Amino acid sequence: MRLSAKRLGAIFVLPALIFAVSLAGLVAALLVEGHADIIFAIASGFGLIVAAAVLARR
């Protein structure tokens, strides 16, 4: 059975989005100083937040 490209896109869009937000948060937290560090730290931990939310729903 061959998965279509549309199906693969649907499978990988959310993990790719979570990765992008986490990576952007990590890079920004390393480069920026000040009050924005808190927001960037939350963004870098976004993957853990999503994982905890999924486990809490079960």
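Since the model is a prediction, treat every value here as computed from it, not as a measurement.

Looking at the overall build of the protein chain
Argument step 1. When helices and strands are counted, the protein chain shows three helices and zero strands.
Argument step 2. Each helix and strand of the protein chain, placed in order from N terminus to C terminus, yields the pattern α-α-α.
Argument step 3. Compactness check: the protein chain gives a C-alpha radius of gyration of 15 Å against a globular reference of 10 Å for 58 residues, more than 25% above the reference.
Argument step 4. In terms of principal-axis extent, the alpha carbons of the protein chain reach across some 50 × 25 × 10 Å.
Argument step 5. Of all 58 residues assigned to the protein chain, the portion counted as buried reaches 9%.
Argument step 6. Only carbon and sulfur atoms are counted for the fraction: they give 75% of the accessible area of the protein chain, which is about 4,900 Å².

Side note on a nonpolar patch on the surface
Argument step 1. A contiguous nonpolar patch, built from Phe 19, Leu 23, Leu 26, Val 27, Leu 30 and Leu 31 and spanning about 640 Å² of accessible area, is present on the exposed surface.
Argument step 2. Within the secondary structure, Val 27 sits in helix α1 (residues 5–31).

As for the confidence of the model for the protein chain
Argument step 1. Across the protein chain, the average pLDDT comes to 87, with 91% of residues at or above 70.
Argument step 2. The element-level mean pLDDT for the protein chain is lowest in α1, coming to 87, with helix α3 (residues 46–57) highest at 91.

Here's the deal with the side chain of Ser 22
Argument step 1. Mapped onto the fold, Ser 22 is located in helix α1.
Argument step 2. Once residues lying within four places of it in the same chain are set aside, the contact partners of Ser 22 are Ala 43, Ser 44, Phe 46 and Gly 47.

What counts, and at which threshold
- Residues numbered from 1 in each chain as written.
- Predicted model: local features only at pLDDT ≥ 70, side-chain atom pairs only at ≥ 80, totals over all residues.
- Heavy atoms only, no water.
- Helix = DSSP H or I, 4+ residues; strand = E, 2+ residues; numbered from the N terminus.
- Rg over C-alpha atoms; globule rule 2.2 N^0.38 Å.
- Buried < 20%, exposed > 50% of the residue type's maximum accessible area, 1.4 Å probe, protein only.
- Areas by Shrake-Rupley, 256 points an atom, 1.4 Å probe, with all protein chains shown as cover.
- Patch = residues over 30% accessible without salt bridge, like charges linked within 9 Å, V, L, I, M, F, W, Y side chains within 5 Å.
- Salt bridge = Lys/Arg side-chain N within 4 Å of Asp/Glu carboxyl O.
- pLDDT = per-residue confidence, 0-100.
- Contact = heavy atoms within 4.5 Å.

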